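# Notes for the structure review
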Amino acid sequence: IGCGSYPYFLAHTAFKEKFAVDQLPMPKETADRNRIEFFELNLNAEPKLPFAAEYFEAVTLLAVVEHLNPESMAALFRECHRVLKPGGSCIVMSGQMYIPEVVQRLGEHLKYHWLLSYLTPGGQAVQVFPRKVNTFWKPLLWFTKGDYSR
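The text that follows walks through the structure, step by step, so that each part is easy to find. (Residues numbered from 1 in each chain as written. Predicted model: local features only at pLDDT ≥ 70, side-chain atom pairs only at ≥ 80, totals over all residues. Heavy atoms only, no water.)

## Concerning the nonpolar core
The test is simple: We call a set of buried residues a nonpolar core when its members are Ala, Val, Leu, Ile, Met, Phe, Trp, Tyr or Cys and they connect through side-chain atoms within 4.5 Å of each other. We call a residue buried when its accessible area falls under 20% of the maximum for its residue type, exposed when it is over 50%, and partly exposed in between, using a 1.4 Å probe and counting protein chains only. Strands are runs of DSSP state E lasting at least 2 residues, helices are runs of H or I lasting at least 4, and numbering of each runs from the N terminus.
The biggest cluster of nonpolar side chains holds 27 residues, and the ones touching the most others in it are Ile1, Phe51, Val59, Leu61, Leu76, Cys90 and Val92. Of all elements in the fold, only strand 1 (19-22), strand 3 (56-62), helix 3 (70-83), strand 4 (84-93), helix 4 (99-106) and strand 8 (137-144) reach the threshold of two or more residues within this core. Judged by nonpolar contacts, the second largest core, of 6 residues, contains Cys3, Met26, Ala31 and Ile36.

## Structural notes on the packing of aromatic side chains
Applied cut-off: The aromatic pairing rule takes the rings of Phe, Tyr and Trp, using the six-membered ring of Trp, and pairs them if the centres are within 6.5 Å, calling planes under 30 degrees apart stacked, those over 60 edge-to-face and the rest tilted.
Applying the stated criterion to the full structure yields 9 aromatic pairs. For the pair phenylalanine 19 and phenylalanine 51, a centre-to-centre distance of 5.3 Å together with 70° between the ring planes defines the contact as edge-to-face. Here the residue phenylalanine 19 occupies a position in strand 1, and phenylalanine 51 occupies one in the loop between strand 2 (37-40) and strand 3, the gap between them amounting to 32 residues. The pair phenylalanine 19 / phenylalanine 51 is uniform in exposure class, with both members buried.

## A closer look at unusual backbone geometry
One non-glycine residue, arginine 35, adopts positive backbone phi at about 55°. Looking at the element boundaries, arginine 35 is found in the loop between helix 2 (28-33) and strand 2. Even without a glycine there, the phi angle at alanine 63 is positive, about 55°. A relative accessible area of 26% places alanine 63 in the partly exposed class.

## A few points about the pattern of salt bridges
Spelled out, the test is: Salt bridges are defined by distance alone: a side-chain nitrogen of Lys or Arg within 4 Å of a carboxyl oxygen of Asp or Glu.
Throughout the structure, instances matching the rule amount to 7 salt bridges. Of the charged contacts in the structure, one is a salt bridge between glutamate 57 and lysine 85, with a shortest N-O distance of 3.9 Å. With glutamate 57 in strand 3 and lysine 85 in strand 4, this residue pair connects regions lying 28 residues apart in the sequence. For glutamate 57, a relative accessible area of 44% corresponds to the partly exposed category. Via salt bridges that share partners, Lys48, Glu79 and Arg82 belong to a single interconnected network.

## A short note on the side chain of lysine 145
Test applied: Under the rule applied, a polar contact is a pair of N or O atoms within 3.5 Å (in protein, one hydrogen donor and one hydrogen acceptor; residues adjacent in sequence only if both atoms are side-chain atoms). Contacts are assigned to residue pairs that have any heavy atoms within 4.5 Å of one another.
Relative to the elements of secondary structure, lysine 145 occurs in the segment after strand 8. Looking at lysine 145, its side chain comes within polar contact range of the main-chain oxygen of histidine 81, at 2.9 Å. In contact with lysine 145, not counting residues within four places along its chain, are Glu54, His81, Arg82, Leu84, Lys85, Pro86, Gly87, Gly88 and Leu110.

Okay, here's the thing in structure tokens:
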């Protein structure tokens with residue numbers, strides 16, 4: 001979820017099935033070349049995922065939460081719980097400012113498992129404007145539906 005118009009993450013993975021959800025359209029040739037089924041959705045307007053319950057072993061939300069209003073964020077987190085298989089993982093990349101809210105809201109539905117981070121490419125500083133700081137990392141929050149089983 002949150003792949004944008006070019007799905008860099010999905011294009012560089014070897015998942016058996018790849019699905020992308022974003023409000024920005026993805027060119028059909030990009031989706032076809034990377035074997036991705038694309039869904040254009042505005043998750044603020046309707047935070048409902050078009051997948052069956054317990055369909056996925058993993059769901060990623062990449063730079064999504066900072067674009068959602070609080071009600072839509074809560075509804076999307078309920079949807080992540082619904083579409084994850086037991087023992088499945090939900091990885092959320094968000095800005096540092098959003099960590100407490102993501103942990104609190106997603107923790108109502110899934111089990112917090114771990115915090116990871118990655119350095120931003122090329123040493124680009126991520127600006128956290130309200131805190132007047134720059135950082136060189138992005139947080140990845142790992143949640144599971146029940147116990148992690150893999």
